[in-house]
Amino acid sequence: MKIIFFLSVLFLSTAGTATLRERHIQFDLILNKEQIELGKRYFSDKSKDSISIDAIRFYISDLELFLDEKPVYSLDKKHHLIDLEYPESLQLDCSNLPIKSYNKIKFNLGIDSTTNVSGAMGGDLDPSNGMYWAWQSGYINFKLEGISPSCPARHNRFAFHLGGYQNPFYNMQKVELLLTETKTDLPKINLDLDDFFNQINLKENHQIMSPSKQAVEITALLANAFYIQI
Amino acid sequence: MAFSRDSFVLDYPEYFPEPEYDFSKNKLSKEKVELGRALFYDPILSKDKSISCSSCHSPYNAFAHTDHDLSHGINDEIGTRNAPALFNLAWQKSFNWDGAVNHLDMQALAPITDKREMNEDLKNVISKLQDSKIYPELFYDAFKDSLITGEHILKALAQFQLTLVSAHSKYDQVKKGKLEFSEQEQKGYKLFQKNCSSCHSEPLFSNYKFANNGLPIDTTLNDFGKGMISKQRTDSMVFKIPTLRNLSYTYPYMHDGRFRKLNQVLKHYSEGISKSKNKSSNLKSNIELSSNEKVDLIAFLLTLNDKEFVFDPKHQYPREVLLSK
């Protein structure tokens, strides 16, 4: 009760002046234990290599909070495009949601197949966001582009365009994050690319541009790299 | 076509099936159709403002491309194919020779972007349209929003293409009881029903499924059709079954435009069926056709030409709009 009271007072006192969303779920994108800045070089001692990220964009869909396996609430907006170029996109607006306890979060990484076959849509799903393939229908669920000296491609660039809405290359991934305790304040969700880059080998795997088995495997690695920041 | 105040009702014969296109998500209106028509004919959609949709899909060819067997101008994959005719698209479930596009709305993305990936390209188109003299107003009239979006561009283009309904051929007049087939056409019709209609089904003259019709591979192109998209061996050399309406306007024929004349097509079906493993079970071997039967069959196929559709001014270059720029 105390916590709820405190939060709502805070909310009232700053409403109207703040530009950032009052109540939101925050996504933080991490590399080398730091929040990623686009274009910055990160050195890894382990692999004696550096990585810089030029673009990281992905879709989060159907985010829901649960308390002991019962749904507590879901976000009104079904699909969110998270794009590091637009920091406000890292905050999913929850200002209309009641404050409730929860201990589990579920969401999908990517876009479901029904949405993929439903024609042109607007907002986060507008094909002008650069997350739709032109030569073959379908959303790109996750786009990750950057540079690493270990990558043997032209200009050392790697580019993963991960998507696919049809079997056997259905690409969307379910993510479930369990909390160790019940909470009421909204979560910060981290995506830690250290894990990811430790598990793939940029020498062999540096370019994916269409739905494939490999695309599914790489998206699954990314789905596994989400965790709740306590 | 029937007009009411702002809704627009697609007019088609009652012997046509229900359309596949979900009009509830993109309700037709006169303003949207006219906006789509302007976009279709406007080279502003291409990077150097040189090519419009109609460069490859000409109204006088039932919106196919007749000068070339293969269409030029876009990325490699598409440049290896013959531009298909565009009509009765509302009944089609997937698009392109290999079915790579799952919705008519999304089709325009491939030609608009000349690279493999769209990235900034559709954004560029949006800003060119936003800066133009005519488009902000046309988008406002159509969508009550002068801020142009990718969604609205694609929906307007789809609307214009949805209104391209071809249903006024001699065959249609016979169906409606207004005309009769000649004796020769009637014989050809029987041959057609026996040999061709399992794939080229009436009244659209395609079931819009995919099949391998026994064409040997052209090794200069190595186009394996649907197999290149699905990466399944059973889809190798499998292509969309095209409609047979308006054949006099849409030559050359097949995905790579390999045949220029209908008698070459019939020669293929009667002598040239390959032994490919993926061949459709509806076409196990060469179809036996005497030379008289071939003439009869072609006479029937020509009853599917729809001159009224091909010369309909409603579908042509919108002078009033585009010349006022």
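Residues numbered from 1 in each chain as written. Chains lettered and ligands numbered in written order. Predicted model: local features only at pLDDT ≥ 70, side-chain atom pairs only at ≥ 80, totals over all residues. Heavy atoms only, no water.

1. Let's talk about the packing of helix α1 (residues 30-41) of chain B against helix α7 (residues 135-143) of chain B
All names here are of chain B.
Now for step 1: Their axes nearest at 8 Å, the elements α1 and α7 cross at an angle of 150°. Between α1 and α7 lies a crossing of left-handed hand. Contact residues: E31, K32, L35, A38 and L39 in α1; Y135, L138, F139, D141, A142 and F143 in α7. (Axes fitted to C-alpha atoms, helices over the stretch in contact; angles between N-to-C directions. Helix = DSSP H or I, 4+ residues; strand = E, 2+ residues; numbered from the N terminus. Left-handed = near helix turned anticlockwise from the far one by under 90°. Contact = heavy atoms within 4.5 Å.)

2. Focus on the pattern of salt bridges
Close approach of charged atoms allows side chains with opposite charge to pair.
Now for step 1: For the structure on display, the rule yields 21 salt bridges over all chains.
Now for step 2: A salt bridge links R57(A) to D83(A), with the nearest nitrogen and oxygen atoms 3.0 Å apart. Of the two residues, R57(A) sits in strand β4 (residues 49-67) while D83(A) sits in strand β6 (residues 79-83), which places them 26 residues apart along the sequence. We note that R57(A), like D83(A), is buried.
Now for step 3: With its nearest N and O atoms 3.0 Å apart, the salt bridge here joins R81(B) to D98(B). One end of the pair, R81(B), is in the loop between α3 (76-79) and α4 (104-107); the other, D98(B), is in the loop between α3 and α4, and 17 residues separate them in sequence.
Now for step 4: The buried category is assigned to R81(B), whose relative accessible area is 11%.
Now for step 5: Overall, the relative accessible area of 7% leaves D98(B) in the buried class.
Now for step 6: Connected through salt bridges with shared partners, the residues E69(A), K104(A) and E176(A) form a single ionic network. (Salt bridge = Lys/Arg side-chain N within 4 Å of Asp/Glu carboxyl O. Buried < 20%, exposed > 50% of the residue type's maximum accessible area, 1.4 Å probe, protein only.)

3. Brief notes about the nonpolar core
Now for step 1: Core analysis: the largest hydrophobic core is formed by 67 residues, its most contacted members being L35(B), L39(B), W91(B), L129(B), Y135(B), F139(B) and I153(B).
Now for step 2: At the level of elements, α1, α4, α5 (109-112), α6 (121-131), α7, α8 (150-162), α15 (307-310) and α16 (319-322) of chain B are the ones that each hand at least two residues to this core.
Now for step 3: By residue number, the principal contributor to this core is α8(B), which donates seven residues.
Now for step 4: Sequence-distant contacts of F139(B), that is, excluding residues within four places in its chain, are made with L35(B), L39(B), L129(B), K144(B), D145(B), I148(B), H152(B) and I153(B).
Now for step 5: In this structure, I53(A), L63(A), C94(A) and I200(A) belong to the second largest nonpolar core, which totals 53 residues. (Core = buried A, V, L, I, M, F, W, Y, C linked by side-chain atoms within 4.5 Å.)

4. Some remarks on helix α13 (residues 262-271) of chain B
Now for step 1: Along α13(B), the residues classified as buried are L262(B), V265(B), L266(B), H268(B), Y269(B) and S270(B).
Now for step 2: Each element contacted by the buried residues of α13(B) is listed here: α12 (247-250) and α14 (291-302) of chain B.

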